[in-house]
Amino acid sequence: MEKDYLPRKEKYEKANATFNGRNSYSKTDEDATFMRMKEDAMLNGQLKPGYNIQVGTENNFVIGYDVFPNPTDTRTLKPHLENVMNRLDCKFETIIADAGYGSEENYDYLEENGITGAIKYSTYEKETKRSFKKKTFNFENWNYDSNQKLYTCPAGNPVPYKKTVTKKNHSGYLQTYDVYQCDNCEGCPFRELCTKSEYGRMVQRNEHWLEQKSKVKNLLATDEYKKLMKKRSTECETVFGQIKANQKFRRFHLRGSEKVGTEWGLLMLGYDFKQITRQS
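1. What to know about the overall build of the protein
Inference 1: Along its length, the protein carries 9 helices and 11 strands.
Inference 2: What you see for the protein is a C-alpha radius of gyration of 24 Å, clearly larger than the 19 Å of a compact globule of 280 residues, by over 25%.
Inference 3: A principal-axis box enclosing the C-alpha atoms of the protein has dimensions of 70 × 65 × 40 Å.
Inference 4: Relative to its 280 residues, the protein shows a buried fraction of 35%.
Inference 5: Considering only contacts in the protein between residues 6 or more positions apart, those separated by 24 or more positions represent 45%.
Inference 6: Accessible area of the protein: about 18600 Å², with a carbon and sulfur share of 50%.
Inference 7: Distance between charge centroids for the protein: 6 Å, based on 46 positive and 39 negative side chains.

Following this line, the structure appears as C-alpha cells:
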C-alpha cells in the first residue's frame, strides 16, 4: 500500500490536475497538448506537443491573437472572439472563418450575440456537389415525411421515429437528436450496402442543425458573402504564410502558454509593422 498504491494514486492525481480537461500533455511543456501536425515527415500521423494558434485579421492587419491548448478549432471560436472584442472594446457585425469553426454550438453563439457568421461547416463542400445527391444510402437523400416523422429507405421500407436523445459535448452544450430505425432490414437485398448493424439501419436527425445548415447555405450563396469568403483566405492565410514560409518560423522557442503567447505576440507586432511599411 505505502510503496505502490499510495505513490501511484498521488502520481495519477497530479497528472489529472495537469490535464485540466485535455486528454494529453507534454512532459517537457505541460501546457502543450499532443496534436497532429501538417508537417508529418514519417507520414504516419505522428503526434507532437503543440498549441492551437488563433489569429483575427481585418484589412490585412492582425487585430487579435490567442493561444489555446485544444487541437480543435470549434472550441476556440467563442473565447477567441470574446477576447478580441474585450481587448478592442467593440462588437463585430460579421465574422468570416473556415469550415473548421462551423458547428451547431458556434452558430447558436453568433446568432445569440447578433453576429453574422460566414462560416462553412465541415461537409458543406461535399453537400454542394452532385455526387453527394447521388449517394443512395445516405439518409440525407431519403424521402422524409415530417408529419408522420418517417423516412423511406431506398428499398421502399419505412424508417420510423423511435426516440429522442440529448447529448452534451465537452463544453456542456446540449444537442438533441431524433432516432429513426428500420424494422424491415431482415432479408432486404440492399442490407449489406446500407448497414452493418445486426439490428437494422438506424439514423439520427438533428432538426436544429439542419435549420442552421440551411441558413448557412443561403447566406454563402449570395455574391456579397462569396466575396468575403475569398477575402478571408487572402487575409488570414497570408499571416501564417509570411511567418512560416518567408520568415522560416515553424516552431516555438519557448515553453509554457504565457511565454508562447508572448513570442507569438511579438511576431504579430512585427507583421503589422511590415504591413504599415508596405502601405506607406
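There's plenty left to go through after this.
2. Comments concerning the nonpolar core
Inference 1: Residues L77, L81, I95, L110, I119 and L220 are the most contacted members of the largest nonpolar core, which totals 20 residues.
Inference 2: Of all elements in the fold, only α2 (77-88), β5 (94-97), α3 (104-112), β6 (116-119), α7 (207-220) and α8 (223-246) reach the threshold of two or more residues within this core.
Inference 3: Per-element tally for this core: the top contributor is α2, with 4 residues.
Inference 4: Counting residues in hydrophobic clusters, the runner-up holds 13 residues, among them A32, V62, V239 and Y271.

3. Looking at the packing of α2 against α3
Inference 1: Between α2 and α3, whose axes approach to 10 Å, the crossing angle comes to 30°. As judged from the angle between their axes, α2 and α3 are roughly parallel. Residue-level inspection shows L77, K78, L81, E82 and M85 of α2 in contact with α3, the latter providing N106, Y109 and L110.
Inference 2: When grouped by side-chain class, the residues that make up the contact of α2 with α3 number 5 nonpolar, 1 polar and 2 charged.

4. Some thoughts on the environment of Q247
Inference 1: Within the fold, Q247 resides in the loop between α8 and α9 (257-279).
Inference 2: Classification of Q247 by relative accessible area gives partly exposed; the value is 32%.
Inference 3: Those residues in contact with Q247 that lie beyond four places of it in its chain are Q242, L267 and K274.
Inference 4: At a separation of 3.2 Å, a polar atom in the side chain of Q247 contacts the side chain of K274.

5. A closer look at the pairing of strand β4 (residues 61-68)
As a general feature of sheets, a regular strand has side chains that alternate between the two faces.
Inference 1: By the bridge criterion, 7 bridges tie strand β3 (residues 52-58) to β4 in an arrangement that is antiparallel. Bridge pairing in β4 places N52 opposite F68.
Inference 2: Connecting the antiparallel pair β3 and β4 is a turn made up of 2 residues, with N59 showing a positive phi of about 55°.

6. Details of the side chain of R201
Inference 1: Take R201: it is sitting in the loop between α6 (191-194) and β11 (202-205).
Inference 2: It turns out R201 is buried and unbridged, and the closest side chain with the opposite charge, E140, is 8.8 Å from it.
Inference 3: A polar contact of 3.2 Å, which involves the side chain of R201, links it to the backbone oxygen of F137.
Inference 4: R201 has contacts with F137, F139, W142, Y180, Q181, C182, C185, C194 and T195, leaving out every residue within four places of it along the chain.

7. A look at the pairing of β6
Inference 1: Judged from the 4 bridges that link them, β5 and β6 form a sheet pairing that is parallel. Note on β6: the bridge partner recorded for I95 is G117.
Inference 2: Crossover handedness for the path β5 to α3 to β6: right-handed.

8. Here we look at the side chain of D178
Inference 1: Within the element layout of this structure, D178 appears in strand β10 (residues 174-181).
Inference 2: Of the residues examined, D178 reaches a relative accessible area of 10% and is grouped as buried.
Inference 3: Side chain to side chain, D178 and T164 meet in a polar contact 2.8 Å long.
Inference 4: D178 has contacts with K149, Y161, K163, T164, V203, Q204, R205 and E207, leaving out every residue within four places of it along the chain.

9. Focus on the packing of aromatic side chains
Inference 1: Counted by the stated rule, this structure contains 16 aromatic pairs.
Inference 2: Here the aromatic rings of F139 and Y151 are separated by 5.8 Å at their centres, their planes lie at 85°, and the arrangement is edge-to-face. Note that F139 is positioned in the loop between α5 (130-133) and β7 (143-145) and Y151 in strand β8 (residues 150-152), a separation of 12 residues in sequence. You'll find F139 and Y151 in the same group, each marked buried.
Inference 3: The residue whose ring lies beneath K149 is Y161, and the NZ or CZ to ring-centre distance is 4.1 Å.
Inference 4: Above the face of the Y144 ring, R205 is positioned so that its terminal group lies 3.7 Å from the ring centre.

Conventions used here
Residues numbered from 1 in each chain as written. Predicted model: local features only at pLDDT ≥ 70, side-chain atom pairs only at ≥ 80, totals over all residues. Heavy atoms only, no water. Helix = DSSP H or I, 4+ residues; strand = E, 2+ residues; numbered from the N terminus. Rg over C-alpha atoms; globule rule 2.2 N^0.38 Å. Buried < 20%, exposed > 50% of the residue type's maximum accessible area, 1.4 Å probe, protein only. Contact = heavy atoms within 4.5 Å. Areas by Shrake-Rupley, 256 points an atom, 1.4 Å probe, with all protein chains shown as cover. Lys, Arg positive; Asp, Glu negative; His and termini not counted. Charge placed at Lys NZ, Arg CZ, Asp CG, Glu CD. Core = buried A, V, L, I, M, F, W, Y, C linked by side-chain atoms within 4.5 Å. Axes fitted to C-alpha atoms, helices over the stretch in contact; angles between N-to-C directions. Parallel < 35°, antiparallel > 145°, perpendicular 65-115°, else oblique. Nonpolar A, V, L, I, M, F, W, Y, C, P; charged D, E, K, R; others polar. Polar contact = N/O pair within 3.5 Å; in protein donor to acceptor, adjacent residues only side chain to side chain. Pairing = 2+ DSSP bridges. Salt bridge = Lys/Arg side-chain N within 4 Å of Asp/Glu carboxyl O. Right-handed = clockwise from strand over helix to strand, strands pointing away. Phe/Tyr/Trp six-rings, centres within 6.5 Å; stacked < 30°, edge-to-face > 60°. Lys NZ or Arg CZ within 6 Å of the ring centre and 35° of its normal.

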